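# Structural overview
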2 protein chains.
Amino acid sequence: MSKAEKTKDYPRPSVTVDLVILTIAEDDLKVLLVRRRQEPFKNRWALPGGFVEIDESLEAAAARELEEETGVRDVYLEQLYTFGDPGRDPRGRVISVAYFALINAEQQHIVAADDAADAAWHSVFKPPKLAFDHAQVLEYAVWRLRNKLEWTTVGYELLPKKFTLSELQRVYEIILQRPVDKRNFRKKILAQGRIRELQETRADGAHRPARLYTFRKS
Amino acid sequence: MSKAEKTKDYPRPSVTVDLVILTIAEDDLKVLLVRRRQEPFKNRWALPGGFVEIDESLEAAAARELEEETGVRDVYLEQLYTFGDPGRDPRGRVISVAYFALINAEQQHIVAADDAADAAWHSVFKPPKLAFDHAQVLEYAVWRLRNKLEWTTVGYELLPKKFTLSELQRVYEIILQRPVDKRNFRKKILAQGRIRELQETRADGAHRPARLYTFRKS
DNA sequence: TATTGTTAGTGTTCACAGTACACTAAGAAG
DNA sequence: CTTCTTAGTGTACTGTGAACACTAACAATA
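Residues numbered from 1 in each chain as written. Chains lettered and ligands numbered in written order. Predicted model: local features only at pLDDT ≥ 70, side-chain atom pairs only at ≥ 80, totals over all residues.

## Observations concerning the sheet that holds strand 9 (residues 195-202) of chain B
Hydrogen bonds along the backbone pair up the strands of a sheet, which may run parallel or antiparallel. All names here are of chain B. Strand order in the open sheet made by the three strands is 8-10-9, with antiparallel pairing throughout. Every interior strand has two partners, whereas the edge strands, strand 8 (162-164) and strand 9, have only one. Direction aside, neighbouring strands of the sheet carry axes that sit 40 degrees apart on average. Bridge count between strand 8 and strand 10 (residues 210-215): three bridges; the pairing is antiparallel. Note that in strand 10 the partner of Thr164 across the bridge is Leu212. Contacts from helix 3 (residues 165-176) reach strand 8 and strand 10 within the one sheet, and its direction differs from that of strand 8 by about 80 degrees. (Pairing = 2+ DSSP bridges. Helix = DSSP H or I, 4+ residues; strand = E, 2+ residues; numbered from the N terminus. Axes fitted to C-alpha atoms, helices over the stretch in contact; angles between N-to-C directions. Contact = placed C-beta atoms within 7 Å.)

## Some remarks on the protein's contact with DNA strand C
The environment of DNA strand C is made up of 23 residues, and the closest members are Arg183, His207 and Arg211 of chain A together with Ala206 and Arg208 of chain B. Grouping the amino acids of the surface near DNA strand C by side-chain chemistry returns six nonpolar, seven polar and 10 charged. (Near = placed C-beta within 6 Å. Nonpolar A, V, L, I, M, F, W, Y, C, P; charged D, E, K, R; others polar.)

## Digging into the interface of chain B and chain A
Listed per partner, the contact involves 46 residues of chain B and 46 residues of chain A. For the side of chain B that touches chain A, the residue count by class is 21 nonpolar, 13 polar and 12 charged.

## Notes on the sheet that holds strand 8 (residues 162-164) of chain A
All names here are of chain A. On the basis of which strands lie adjacent, the open sheet formed by three strands has the order 8-10-9 and antiparallel pairing. Because the sheet does not close on itself, it has two edges, and the strands there are strand 8 and strand 9 (195-202). On average, adjacent strands in this sheet sit at an angle of 40 degrees to one another, irrespective of strand direction. Here helix 3 (residues 165-176) sits on the sheet in contact with strand 8 and strand 10 (210-215), set at roughly 80 degrees to strand 8.

## Focus: helix 1 (residues 58-70) of chain B
All names here are of chain B. Taking 1.5 Å per residue as the helical rise, helix 1 with its 13 residues ought to reach 18 Å, and the 18 Å between its terminal C-alpha atoms agrees with that figure. Residues of helix 1 that are buried include every one of Leu58, Ala61, Ala62, Ala63, Glu65, Leu66, Glu69 and Thr70, and no others. Phi for Gly71, located one or two positions after helix 1, is positive at around 80 degrees. (Expected span 1.5 Å × (residues − 1). Buried ≥ 20, exposed ≤ 12 C-beta atoms within 10 Å, placed from the backbone.)

## Focus on the nonpolar core
Counting 104 residues, the largest nonpolar core has Val20 and Leu22 of chain A together with Val20 and Leu22 of chain B as its most contacted members. Filtering out sequence-adjacent residues up to four positions away, Leu22 of chain A remains in contact with Leu29, Lys30, Val31, Phe100, Ala101, Leu102, Val124 and Leu145 of chain A. (Core = buried A, V, L, I, M, F, W, Y, C linked by C-beta atoms within 7 Å.)

## Quick look at the protein's contact with DNA strand D
Close to DNA strand D lie 23 residues, the nearest being Ala206 and Arg208 of chain A together with Arg183, His207 and Arg211 of chain B. At the level of secondary structure, the elements contributing two or more residues to the surface near DNA strand D comprise helix 4 (182-192) of chain A together with helix 3, helix 4 (182-192) and strand 10 of chain B. Here the surface near DNA strand D is built from residues that sort into six nonpolar, seven polar and 10 charged.

## Comments concerning the environment of Gly71 of chain B
Relative to the assigned elements, Gly71 of chain B resides in the loop between helix 1 and strand 5 (76-83). C-alpha separation for the pair Gly71 of chain B and His109 of chain B, spaced 38 residues apart in sequence, amounts to 7.4 Å.

## Focus: the relation of the copies chain B and chain A
Once turned by 180 degrees and shifted 0.1 Å along the axis, chain B lies on chain A with an RMSD of 0.0 Å. When the rotation and shift are considered jointly, the pair of chain copies conforms to a two-fold rotation axis. Of every C-alpha in chain B, the one belonging to Arg12 of chain B sits nearest the axis of rotation, 3.1 Å from it. A shared binding surface is used by both copies, with 100% of the interface residues of chain B retained as interface residues in chain A. (Least-squares fit on C-alpha atoms with pLDDT ≥ 70 in both.)

## A word on the packing of helix 2 (residues 134-151) of chain A against helix 3 of chain A
Residue and element names in this part refer to chain A. Close contact between helix 2 and helix 3 brings their axes to 10 Å; oriented N to C, the two are set at 140 degrees. Our classification of the angle between helix 2 and helix 3 gives oblique. Once helix 2 is placed against helix 3, the crossing between them reads as left-handed. Contacts from Leu145, Arg146 and Leu149 in helix 2 reach Tyr172, Ile175 and Leu176 in helix 3. Taken together, the residues of the contact of helix 2 with helix 3 sort by class into five nonpolar, no polar and one charged. (Parallel < 35°, antiparallel > 145°, perpendicular 65-115°, else oblique. Left-handed = near helix turned anticlockwise from the far one by under 90°.)

## So, the confidence of the model for chain A
Detailed reading of the predicted coordinates is not advisable wherever pLDDT is low. Confidence in the prediction for chain A averages 92 pLDDT; 93% of positions are at 70 or higher. Low confidence marks residues 1-7 of chain A, where pLDDT is under 50. Its contacts with residues over four positions away, or in another chain, come to 26 contacts. (pLDDT = per-residue confidence, 0-100.)

## Here we look at unusual backbone geometry
Excluding glycine, a negative phi dihedral is what most residues carry, and trans is how most peptide bonds are arranged. For the bond running from Glu39 of chain A to Pro40 of chain A, omega is -5 degrees, close enough to zero to count as cis. Within the element layout of this structure, Pro40 of chain A appears in the loop between strand 2 (28-35) and strand 3 (45-46). Unlike most non-glycine residues, Asn43 of chain A shows phi in positive territory, near 75 degrees. With respect to the helices and strands, Asn43 of chain A occurs in the loop between strand 2 and strand 3. Positioned with a positive phi, Phe132 of chain B is a non-glycine residue whose angle comes to about 50 degrees. Among the secondary structure elements, Phe132 of chain B is positioned in the loop between strand 7 (119-123) and helix 2 (134-151). According to the C-beta neighbour criterion, Phe132 of chain B is buried, with 23 such atoms within 10 Å.

## As for the environment of Leu138 of chain B
All names here are of chain B. Looking at the element boundaries, Leu138 is found in helix 2. In this structure, the C-alpha to C-alpha distance between Leu138 and Leu19, residues 119 residues apart in sequence, is 9.2 Å. Among residues more than four places away in sequence, those in contact with Leu138 are Val20, Val31, Val124, Pro127 and Leu130.

Rendered as structure tokens:
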């Protein structure tokens, strides 16, 4: 900032936001990708994103793009990292602020805006070849999600309001890609005191119905 | 990125890097600040920083600014967060990618480049009023450093090659702002196996000399 | 209506890590 | 040789994470 007075002397890069939109579906962790219709990387899959408007905060730009792509708002959204290597976009200098968003199964109605007609969910664990440096961005997002899962309550963002402990456990197993002990898991989660037991159960098959819980936002 | 094809339609923000350069001195955690000579915030202290050149990576820009301000290179440097609220700079849209750097006592020869003649170390715990949103940036840097201290080996970046365990403990106490138990600290640090005992001691006063250790980069 | 299949739900033991806590060792100064 | 100051060391307790197997409740069907 010390030299901001010289603003006009400097050629300015373009600034975009790229979104890693994650959800749980089909017993897998999925990322929303859009197929590119222009060069460069024509027909490759890419993370959704777009330019930051001149009078809009980075977070607002990310939220706007998210809503354009998925129709959802008011979901978990966090800044990830800023990627700005010259050469990451063959058309010129583009600095991209990556965000990651978590949406739950109830919010997965993709309304695919014009510029994202070819949007689809892909497994984050075996994604297609991605445009730009998006493979790196995605990898970092998954790493960050795994870390946050252990220290925060982000897991709940991937579930609907009411959920069973087995569903929550499955979310952890899918993200961490390893089995989790049922008893230890329940003990730990309940000890945190972040969820409230409901006087309700859900039966979904030929077996004992599961008790429903809800996240207690404090 | 999906709309990058329309680059030319968008007014571009300026992009800068701001640096939170931290060191241990005078038994305190210090940040390097520069006094602004122009409006806005004339005469206020600010984090050093500057524009990202069009063909330079963000990290390279940060390293370059760091070297301009302090003369040091090859030190710990990590991207912190990107601040981009419209209005954070009264002159126009400026998006700033914040980095934090750690330098040790031996590297504190500030060579104050032209544009930073008024550079000085200030306590991070009671800093002067800062320009722009730099107070927020600084606060976030300290929070991040505290976290990293517990999970990584960043602490060693603040010490010279050879150091005593008491010096290392003091670094932890200063950053965490709480006393640390000597025996538990030594046990934990030695158990990590990240430092190597040297066949050397240092006497600096009327008391038993302390054994020197060195960080083992693996 | 009894049996089978399937998921829900529950406690205890053990290993390890973090924490609390007090004395001896080695040098310099006087 | 006494005093002062920092370096250096071990043990007991507490809480947390990990391993591990059986009963409960329902639907389906024989």
